[in-house]
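Now for the letters of each chain:
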Amino acid sequence: MLSLLLSGDYQLFGIILLAIIFSLSLHEFGHAASATMLGDRTPSLAGRLTLNPASHIDILGLAMVVLVGFGYAKPVPFNPRHIRHQWGSAAVAAAGPAMNLLLAILAINLYVWFARSGSIAPDSNAALTLLVMAQINLLLMLFNLIPLGPLDGHYIMSWLLPPRLGYQYDQFNARYGTMVFLALIVLSIAGVPVFRILTQFAGSIVPYLTFV
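Residues numbered from 1 in each chain as written. Predicted model: local features only at pLDDT ≥ 70, side-chain atom pairs only at ≥ 80, totals over all residues. Heavy atoms only, no water.

Trainee: Kindly report on the overall build of the chain, identifying the contributing residues and their values.
Mentor: Along its length, the chain carries nine helices and zero strands. Listed by position from the N terminus, the elements making up the chain come as α-α-α-α-α-α-α-α-α. Taking 212 residues into account, the globule formula puts the C-alpha radius of gyration at 17 Å, and the chain, at 18 Å, falls close to it. Projected onto the principal axes, the alpha-carbon positions of the chain cover approximately 55 × 40 × 35 Å. Residues counted as buried form 39% of the 212 residues belonging to the chain. Contacts in the chain between residues far apart in sequence, at least 24 positions, make up 67% of those at least 6 positions apart. For the chain, the accessible area works out to roughly 11,800 Å², and carbon and sulfur atoms hold 69% of it. (Helix = DSSP H or I, 4+ residues; strand = E, 2+ residues; numbered from the N terminus. Rg over C-alpha atoms; globule rule 2.2 N^0.38 Å. Buried < 20%, exposed > 50% of the residue type's maximum accessible area, 1.4 Å probe, protein only. Contact = heavy atoms within 4.5 Å. Areas by Shrake-Rupley, 256 points an atom, 1.4 Å probe, with all protein chains shown as cover.)

Here it is as structure tokens:
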């Protein structure tokens, strides 16, 4: 995103930044809402059961998105001991990516519907905003499903595996997951196309999300 600022493309920069703030906020709200529905009041007591971006956005994490292309929001706290079901922690983790998927589906279908009806021009700011929203949310979904470090995917993977393997995986991730994850980010920043597959996959699934 920094390249957009340096090249003077302030309009696209603003659209992407607002889309990221909105998408990260809804992602974290998904976690909070899921934990609350499953019986844990921790997110609500922490002030996270809200759509207000100020409660979810981390300034340093947002700055990292601008500077290096990777960042984060404030993690939603929850207490697994208060969750009603054994699969509850995995459900809370999956709720964030699921929210991003829903936003992507909504954005891409609104774009197609408006474009077909002639309500917006394909090269208009409204069209660009919807396309950016769809792409960013698909990338956030796929990125957070990586089963490493602090990402949502490691909670989901732990639940999907048989108990013995799940325990071994948790031990590995606790010891090495964050280091492996950070190494992938460093390689990506250095120019190695580590996450290009996510971008390509996000683009490839768009036609399957269009229903109008």
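Trainee: Go over the side chain of His31, please, and point to the residues and values.
Mentor: Looking at where His31 falls in the secondary structure, it is placed in helix α2 (residues 10–37). Ignoring any residue separated from it by four or fewer positions in sequence, one finds His31 in contact with Val76, Val92, Ala93, Ala95, Gly96, Pro97 and Asp152.

Trainee: Give me α2: which residues, what numbers.
Mentor: Here α2 contains 28 residues, and its C-alpha end-to-end distance of 40 Å stays within 8% of the 40 Å for a straight helix at 1.5 Å per residue. Just past α2, the residue Gly39 takes up positive phi, approximately 110 degrees. (Expected span 1.5 Å × (residues − 1).)

Trainee: Describe in detail the packing of aromatic side chains, supporting the description with residues and values.
Mentor: As enumerated under the stated definition, the model contains three aromatic pairs in all. Measuring from centroid to centroid gives 5.0 Å for Trp113 and Phe114, while their planes differ by 65 degrees, and the two rings are edge-to-face. Using a relative accessible area of 26% as the deciding quantity, one classes Phe114 as partly exposed. Plain terms: the ring middles of Phe172 and Tyr176 are 5.5 Å apart, the flat faces sit at 45 degrees to each other, and that makes the pair tilted. Taken together, the residues Phe172 and Tyr176, both in helix α8 (residues 163–189) and four residues apart, mark about one turn of the helix. (Phe/Tyr/Trp six-rings, centres within 6.5 Å; stacked < 30°, edge-to-face > 60°.)

Trainee: Please set out the confidence of the model for the chain residue by residue, giving values where relevant.
Mentor: In this model, the chain carries a mean pLDDT of 91, and residues with pLDDT of at least 70 account for 100%. The element-level mean pLDDT for the chain is lowest in helix α1 (residues 2–6), coming to 77, with helix α3 (residues 42–45) highest at 96. (pLDDT = per-residue confidence, 0-100.)

Trainee: Can you lay out the environment of Ile197 for me, pointing to particular residues and giving the numbers?
Mentor: When you line up the elements, Ile197 lands in helix α9 (residues 196–205). Given a relative accessible area of 57%, Ile197 falls into the exposed group. Sequence-wise, Ile197 and Leu182 are 15 residues apart; in three dimensions their C-alpha atoms are separated by 17 Å.

Trainee: How would you explain the packing of α2 against helix α5 (residues 88–117) if you had to name every residue and give the values?
Mentor: Between α2 and α5, the shortest axis-to-axis distance is 7 Å and the interhelical angle comes to 140 degrees. If you check the angle between α2 and α5, you find them oblique. For α2 against α5, the interelement crossing comes out right-handed. Residues Phe22, Ser23, Leu26, His27, Phe29, Gly30, His31, Ser34 and Ala35 of α2 form the contact with α5, whose own contacting residues are Ala91, Val92, Ala93, Ala95, Gly96, Pro97, Met99, Asn100 and Leu103. (Axes fitted to C-alpha atoms, helices over the stretch in contact; angles between N-to-C directions. Parallel < 35°, antiparallel > 145°, perpendicular 65-115°, else oblique. Left-handed = near helix turned anticlockwise from the far one by under 90°.)

Trainee: Got a sec to walk through the packing of α2 against helix α6 (residues 125–144)? Specific residues and values, please.
Mentor: Close contact between α2 and α6 brings their axes to 9 Å; oriented N to C, the two are set at 45 degrees. Here α2 is positioned oblique relative to α6, judged by the angle of their axes. The handedness of the crossing between α2 and α6 is right-handed. Two secondary-structure elements touch here, α2 through Gln11, Leu12, Ile15, Ile16, Ala19, Ile20, Phe22, Ser23, Leu24 and His27 and α6 through Asn125, Leu128, Thr129, Val132, Met133, Ile136, Asn137, Leu140 and Asn144. When grouped by side-chain class, the residues that make up the contact of α2 with α6 number 12 nonpolar, seven polar and no charged. (Nonpolar A, V, L, I, M, F, W, Y, C, P; charged D, E, K, R; others polar.)

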